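Residue-level structural notes
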Amino acid sequence: MKTQRFLPVLATVILAGAMFLAGCEKEKKTSDDITNVKWHLTKFVDVANHKEDVPVPADNTHYFWIKLCNDTLQGFGQVNEMAGCYTISGSKIHIYNFGCTKICPLDSYENDFFSAIKKADSFKSDGKTLHIYYDGDKKYLQFEKVNN
């Protein structure tokens, strides 16, 4: 019984430590650069079915965010953290070595968010909004830049 309680806590501490060590140095960037910026999720968009879903709370920057720095992805759902590596080539993005904590999420949005990030294949950004596409160009996550 004690081991079952200890393991999720240990996993959270290890992931948080890895994310802290990865860090994020300031780099020279352009206005349309998506790295070294915290992005807050505002919508799940299904283009083919003309459907948009807004995670609750969509306006709270403490929920559903990602940051791409030095080839490392960091992020947070409602309860759980994520981390991984990424490569970018033009408008293509590849997420790999993805991992996340698995404490009970509040609803299905967190699982959908993490699942979509793992399947990311391309993106578009105007510097203020970011669309990360998965399942080809049929679905995307819409983010807004968080101004610190």
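Before reading further, recall that the structure is shown in the block above.
Here we summarise the structure given alongside this text.

What counts and how
- Within each chain, residues carry numbers counting from 1 in the order of the written sequence.
- Residue-level local features of this predicted model are given only where pLDDT is at least 70; pairs of side-chain atoms are given and counted only at 80 or more, and the full residue set underlies all totals for whole chains, interfaces and linings.
- Working from all heavy atoms in the structure, the side-chain values ignore hydrogens and water.
- Any residue under 20% of the maximum accessible area for its type is buried, any over 50% is exposed, and the rest in between are partly exposed; the area is computed with a 1.4 Å probe on protein chains only.
- Labels follow the DSSP assignment, with helices taken as runs of H or I lasting at least four residues and strands as runs of E lasting at least two, numbered in each case from the N terminus.
- By arc we mean the arc of the directions from the helix axis to the C-beta atoms, nothing more.
- Polar contact is defined as a pair of N or O atoms within 3.5 Å, subject to the rule that within protein one atom must be able to donate a hydrogen and the other to accept it, and that residues adjacent in sequence are counted only when both atoms are side-chain atoms.
- The aromatic pairing rule takes the rings of Phe, Tyr and Trp, using the six-membered ring of Trp, and pairs them if the centres are within 6.5 Å, calling planes under 30 degrees apart stacked, those over 60 edge-to-face and the rest tilted.
- In this text, buried Ala, Val, Leu, Ile, Met, Phe, Trp, Tyr and Cys residues form a nonpolar core when linked through side-chain atoms within 4.5 Å.
- Strands qualify as paired when DSSP identifies two bridges or more between them.

1. Remarks on helix α2 (residues 108-118)
Those residues of α2 lying buried are Tyr109, Glu110, Phe113, Phe114, Ala116 and Ile117. Take α2 and look down its axis: the buried residues cluster within an arc of 160°, on one side only. With a side-chain oxygen positioned 3.0 Å from the backbone nitrogen of Tyr109, the residue opening α2 is Asp107.

2. Overview of the packing of aromatic side chains
Applying the stated criterion across every chain, the model contains 6 aromatic pairs. Relative to Phe143, the ring of Phe113 lies with its centre 6.2 Å away and its plane at 50°, an arrangement referred to as tilted. Pair noted here: Phe113 is in helix α2 and Phe143 is in strand β9 (residues 139-145), with a separation of 30 residues, a long-range link. Residue Phe113 is classed as buried on the basis of its relative accessible area, which comes to 0%.

3. Examining the nonpolar core
Judged by nonpolar contacts, the single largest core of 25 residues is most densely connected at Ile66, Phe113, Ile117, Leu130, Ile132, Leu141 and Phe143. Contributions of two or more residues to this core are made by β1 (38-46), β3 (65-69), β5 (81-89), β6 (92-100), α2, β7 (120-125), β8 (129-134) and β9. In terms of residue count, α2 provides more of this core than any other element does, 5 residues in total.

4. Thoughts on unusual backbone geometry
Positive phi, close to 50°, is recorded for His50, a residue that is not glycine. Along the chain, His50 turns up in the loop between β1 and β2 (51-53). Of note, the phi angle at Asp71 is positive, near 70°, even though the residue is not glycine. Position of Asp71 relative to the elements: it lies in the loop between β3 and β4 (72-76). Given the relative accessible area of 48%, Asp71 is considered partly exposed.

5. So, the pairing of β3
Summarising burial for β3: 4 of the 5 residues are buried, a large majority. Where β1 meets β3, 3 bridges bridge the pair, whose relative direction is antiparallel. When the sheet's bridge partners are listed, His40 is paired in β3 with Trp65. Sheet analysis places β3 next to β4, joined by 5 bridges and oriented antiparallel.

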